[in-house]
Amino acid sequence: MFLKSMELFGFKSFADRTLIEFEPGITVIVGPNGCGKSNVVDAIKWVVGEKQAKNIRGQKMEDVIFSGTEQRKPVSLAEVSVTIDNSDHILDIDSSTVTIGRRIFRDGESEYLINRSPVRLKDLDKLFMDTGIGKSAYSVLEQGKMDLILSTRAEDRRYIFEEAAGISRYKLQKKESVRKLEETGENLKRINDVIREIEREKELKAKQAEKTKVYLGLREKFQDADIKINILKFRDISRRLEKVLADIEKTQKERAEISARVSSVSEDNERDEKRKNDIQHQLWELDKKLDAFKFRVEDIDKKTEKNRKSIADQEEHRKAISMKIHERTENLKRHLEEKAKTERSEVEIRHKVESDGARLKELFARRKDKIAFIHSSRDRIDENRHKIHEAEASLKKLREALEVVIRELIDAIDRRKEELQSSEDERQQVKSEIASCVGAMEEAVLSARRALQSGSAAEAAERLSEADFDRFRTLLDRFESYEDGFRSILFDKTGIHARKQSLDREIADKSSSIEAMRGEIASLEEGIQSAQKELEDINEMITRIEKDLSKYENDIAWIEKHIQTLNFQIKDLNMQINNHKEDLERSEKQIKTMQAEIEEWQNKLVEFNEKSKALVAGIADLTKRRQDIEQKIHERRQISRKDEEDLAAAVEKISSLEKLSVELTFKKSGIEDYLWVEYEKKADELKKLQLLESQSGDLQNELASIKKSIQDLGPINNLAIEEFRDLKKRFEYYIDQKKDIESAREDIMSVIEEINKTSVDMFMETFVEIQKNFSQVFKQLFEGGDAVIQLTDMDNILESGIDIIVRPPGKKTKNINLLSGGERALTAIALLFATYMVKPSPFCFLDEIDAPLDEENIGRFLRMLREFAKSTQFVMVTHNKKSMSIGESIYGVTMEEPGVSKVISIQMTGVGAQK
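Because the structure is a prediction, the values reported are computed rather than measured. (Residues numbered from 1 in each chain as written. Predicted model: local features only at pLDDT ≥ 70, side-chain atom pairs only at ≥ 80, totals over all residues. Heavy atoms only, no water.)

Draft legend 1. Main features of the overall build of the protein chain. Secondary structure summary: the protein chain contains 18 helices and 16 strands in total. Of the contacts formed within the protein chain by residues at least 6 apart in sequence, a portion of 76% connects residues at least 24 apart. Of the roughly 52,600 Å² that the protein chain leaves accessible, carbon and sulfur atoms contribute 49%. (Helix = DSSP H or I, 4+ residues; strand = E, 2+ residues; numbered from the N terminus. Contact = heavy atoms within 4.5 Å. Areas by Shrake-Rupley, 256 points an atom, 1.4 Å probe, with all protein chains shown as cover.)

Draft legend 2. Structural detail: helix α16 (residues 821-838). Counted at 1.5 Å a residue, the expected span for α16 with its 18 residues is 26 Å, and the 26 Å between its end C-alpha atoms agrees. Among the 18 residues in α16, 15 count as buried, and that is most of the element. (Expected span 1.5 Å × (residues − 1). Buried < 20%, exposed > 50% of the residue type's maximum accessible area, 1.4 Å probe, protein only.)

Draft legend 3. Focus on the pairing of strand β10 (residues 802-807). Here β10 shows a clear split, with I802, I804 and V806 buried on one side and none of D803, I805 and R807 buried on the other. Two strands pair when backbone bridges link them, and strand β9 (residues 786-791) and β10 are joined in this way by six bridges, in the antiparallel orientation. Note on β10: the bridge partner recorded for L791 is I802. (Pairing = 2+ DSSP bridges.)

Draft legend 4. Structural detail: unusual backbone geometry. Phi angles above zero are rare outside glycine, and K12 is one such case at about 55°. Here K12 shows up in the loop between β1 (2-9) and β2 (18-21). Judged by relative accessible area, K12 falls into the buried class, the value being 15%. Of note in this structure, R57 is not a glycine but carries a positive phi near 60°. Mapped onto the secondary structure, R57 falls in the loop between α1 (38-47) and β4 (77-85).

Draft legend 5. View of the side chain of N384. One can find N384 in helix α6 (residues 267-420). Exposure remark for N384: the relative accessible area of 0% places this residue in the buried category. Not counting the four nearest positions on each side in its chain, N384 is found in contact with M517, E520, I521 and L524.

Draft legend 6. Geometry of the pattern of salt bridges. Here the structure, examined in full by the defined rule, presents 32 salt bridges. One salt bridge connects D247 with K243, and the closest N-O pair in it is separated by 3.2 Å. Placement of the pair is D247 and K243 together in helix α5 (residues 168-261), with a separation of four residues, close to one helical turn. Between K757 and D761 there is a salt bridge, and its shortest N-O distance comes to 3.6 Å. Of the two residues, K757 and D761 both sit in helix α15 (residues 720-782), four residues apart, roughly one turn of that helix. D761 gets classed as partly exposed once you look at its relative accessible area, which sits at 43%. The structure contains a network of salt bridges with shared partners spanning R380, E383, K387 and E520. (Salt bridge = Lys/Arg side-chain N within 4 Å of Asp/Glu carboxyl O.)

Draft legend 7. A look at the pairing of β2. Here β2 shows a buried face lined by T18 and I20 and an unburied face lined by L19 and E21. Sheet analysis places β1 next to β2, joined by four bridges and oriented antiparallel. Across the sheet, L8 pairs through a bridge with T18, a residue of β2.

Draft legend 8. Structural context of the packing of α16 against helix α17 (residues 855-868). Axis separation between α16 and α17 bottoms out at 12 Å; the angle between their running directions is 15°. Judged on the interaxial angle alone, α17 and α16 are roughly parallel. Where α16 crosses over α17, the handedness of that crossing is left-handed. Where α16 abuts α17, its residues L826, I829, F833, Y836 and M837 lie against N857, R860, F861, M864, L865 and F868. Along the lines of polarity and charge, the residues of the contact of α16 with α17 split into nine nonpolar, one polar and one charged. (Axes fitted to C-alpha atoms, helices over the stretch in contact; angles between N-to-C directions. Parallel < 35°, antiparallel > 145°, perpendicular 65-115°, else oblique. Left-handed = near helix turned anticlockwise from the far one by under 90°. Nonpolar A, V, L, I, M, F, W, Y, C, P; charged D, E, K, R; others polar.)

Draft legend 9. Seen up close, the sheet that holds strand β6 (residues 110-114). In spatial order, the strands read β2-β1-β4-β5-β6-β7; together these six strands make up an open sheet with antiparallel pairing. Looking along the sheet, the strands with just one partner apiece sit at the ends: β2 and β7 (117-119). Taken over all neighbouring pairs, the strand axes of this sheet differ in orientation by 20° on average, direction set aside. Bridge count between β1 and β4: seven bridges; the pairing is antiparallel. Directly across from F2, in β4, lies its bridge partner D85. The strands that α1 touches are β1, β2, β4 and β5 (97-105); relative to β4, the one it contacts most, it runs at about 80°. With respect to the sheet, helix α2 (residues 121-128) is in contact with β4, β5, β6 and β7, its orientation differing from that of β6 by roughly 40°.

Draft legend 10. Structural detail: the environment of S238. Counting through the fold element by element, S238 comes out in helix α5. On the accessibility criterion, S238 (13% relative accessible area) is buried. When the C-alpha positions of S238 and K667 are compared, they lie 9.6 Å apart, and in sequence the two are 429 residues distant.

Draft legend 11. Spotlight on the side chain of S13. In this fold, S13 is placed in the loop between β1 and β2. By relative accessible area, S13 is classed as buried at 9%. A polar side-chain atom of S13 sits 2.9 Å from a polar atom in the side chain of N39. Setting aside its immediate chain neighbours within four residues, S13 contacts C35, G36, N39, F66, M895, G899, V900 and S901. (Polar contact = N/O pair within 3.5 Å; in protein donor to acceptor, adjacent residues only side chain to side chain.)

Draft legend 12. Focus on the packing of aromatic side chains. Applying the stated criterion across every chain, the model contains eight aromatic pairs. Ring geometry for F774 versus F778: centroids 6.1 Å apart, planes at 55°, classification tilted. Of this pair, F774 and F778 are both found in helix α15, four residues apart, which corresponds to roughly one turn of the helix. Look at F778 and you get buried, because its relative accessible area is 0%. Summarising the aromatic geometry, the rings of F778 and F782 are spaced 4.1 Å apart at their centres and angled 25° between planes, so their arrangement reads as stacked. One end of the pair is F778 and the other is F782, both in helix α15 and four residues apart, which spans about a single turn. For the pair F778 and F782, one class covers both residues: buried. The residue whose ring lies beneath R17 is F9, and the NZ or CZ to ring-centre distance is 4.7 Å. (Phe/Tyr/Trp six-rings, centres within 6.5 Å; stacked < 30°, edge-to-face > 60°. Lys NZ or Arg CZ within 6 Å of the ring centre and 35° of its normal.)

Here is the structure:
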């Protein structure tokens, strides 16, 4: 691999397009101070990726663009391209020739190109990595880098050894890995922030969920205690009812016995007693019905009051839910409006981005066209100027030839005039005789014609015979024998006058061509000025549009994030609204159910009241009838008072028991209804529970305590458990993400460790070789002495500095800072050549590194340079005549025009030089 050529345009002092072609071996670039020869070195550094303006002697990168002179205007861009022979494919690209290019515009925009295709700087760095070429490699050695090699900071010398060791690629991988490690750290930090936020929210929801669980547990306990209390009541009432029924049965038996004893009473008394009993039985039945109606009315009143209270609670609940739905709906409406507005803004911005992008593409195309037009126009101007120069030289020669021809023409005319003066009289005499002869022939022809017209052919023949045609031919021949002296001069195609006319035409053509080319140059220059102005306007517009596009991109990113947030909020609001609506529907159903129950109960209440009134009237009537009968019976009982009293007592007892039986039956039925309505439990199935009567008090206390505990809990979030479960899932998801990131972090650290190990091995292997070579090359350059390089920190090889300890011949060991300028330069050269023995760069630029060397040291340096030139191509910028002598080709850099560098090629043949 070697450097084939370099092309510069608008780079520093190289205003015109300049091509420098290189051959394998040693090329020398010479020129006076300030001519721009070091700009060639700056160009190679710049094109391979130098990013620091100060390293190419500038304050900012735009300083590399030709800034103009008094005679020339500044150019709009700087461009450098180098063509490299890659037939051995050292560069990792499938091409035998690789062209690397870089452009920079006045607006700061920069372009890197590989084989005319745009690439990124890191692609360029990757291409040159570990080849010895690049902005941080040793393919360019100048005074500044020599000072860096011999710097007091041992750490500053590492770059040469790292490039030679081929660990630059690993350093980049390590840098990328460290960057990924930092990104992973940032991701881990963000994940931890999210986890902490979720933990805070989870704690709140956990408390709410715990509260809800407590509530649900209390509600379950309340239900259990309530069921048990009612079952105990149910059991007690059932036992009491059984006992009452047994007592009724027993008393009825006693009554029958008493009735039997008084059966001997008169039939009237028996009939009355029977009637009384019938009436009493009817009264009992009516009393039982009336008591049942009263009990059921009380039960309906309690249920109605309970439902009304529940309806009131539900109404309040519905109002609260409706208010929440209204608030959420309004909030949703605002969010939807904001989302629509944001989406419209996004569409507008994207239209602007699309429009500006198309405009920018158009502007870039126009800029490219303008630059191409400027380049082609300048090429055309140079071509025309060259042609004008050649045409003017040719025109000068033509005019000189014309002057010669005019002088020849004048001399020829003068000579011909003298030559023809003596024969002119004879010529005039022959001319007169020819005229006389012609007159006689005309007369003869006319006479013959008249004879023919008169019909005499013989006479016509006779008259024609009188015409002396032979004499006419003789006179004509004599006249023609006298040469017209000026005819050959003026009309001969090969004559002098013809030559003059030809020269006149050529001069006119050349003059017209020159004027046309000058006109074209003026037109092209005017076009270039116009194109440059348009180019500046285009660049200004590009800068403005790119700023706008950058702002639009930020706006779009914010809008997309904002829309995402709005979508999440809208989804959440819709979910809340739907949940509230479902809650509202449930509440409405409950209200309707309770209202229907109240309506049904009210209808029953009216029915019960009407029936109760009828019962009261019936009871009053029966009571009066019974009183009448009892009066009769009383009279009869005077006889059997004791039996009657016993019988009455039995009857009264039965009545009381039956009344109690009805009451207990309704209470039992009420408990069954309560258990079914509240808990959908059947009392007959629950009465099998293992419960003791002694538990009743404890259960009552427990129920009161549970009620108080529920009241103490306050408002309950029924969704808290589900929300906590969702948060827990999110928490577990982010914990898994955190584990994945930590695992990735460990993998990256493992990669960095592996890179470090490989880098250390490769670095130490190369360091040992360079160390051995440096000692040998130093002795060869200094013709003796000794030199050693060593690491300053063996425990940290990848960051360790490198000390250089030298002992020139005949001197004690010295620190390199105490060496003379020549010794320092020779030491740096020794280190460079020692490195090239391990891993040579395909080409190397040496910028006046021989300046501090004396004649003897230059000789040793040049002898060694010739040896290394067999494997490496060297381009040396120098002032030293001895250094110039080894160049296989020499380029001279001059400034014929102030401020504009020009390159002249000189091929060396033998000892002399031929321009």
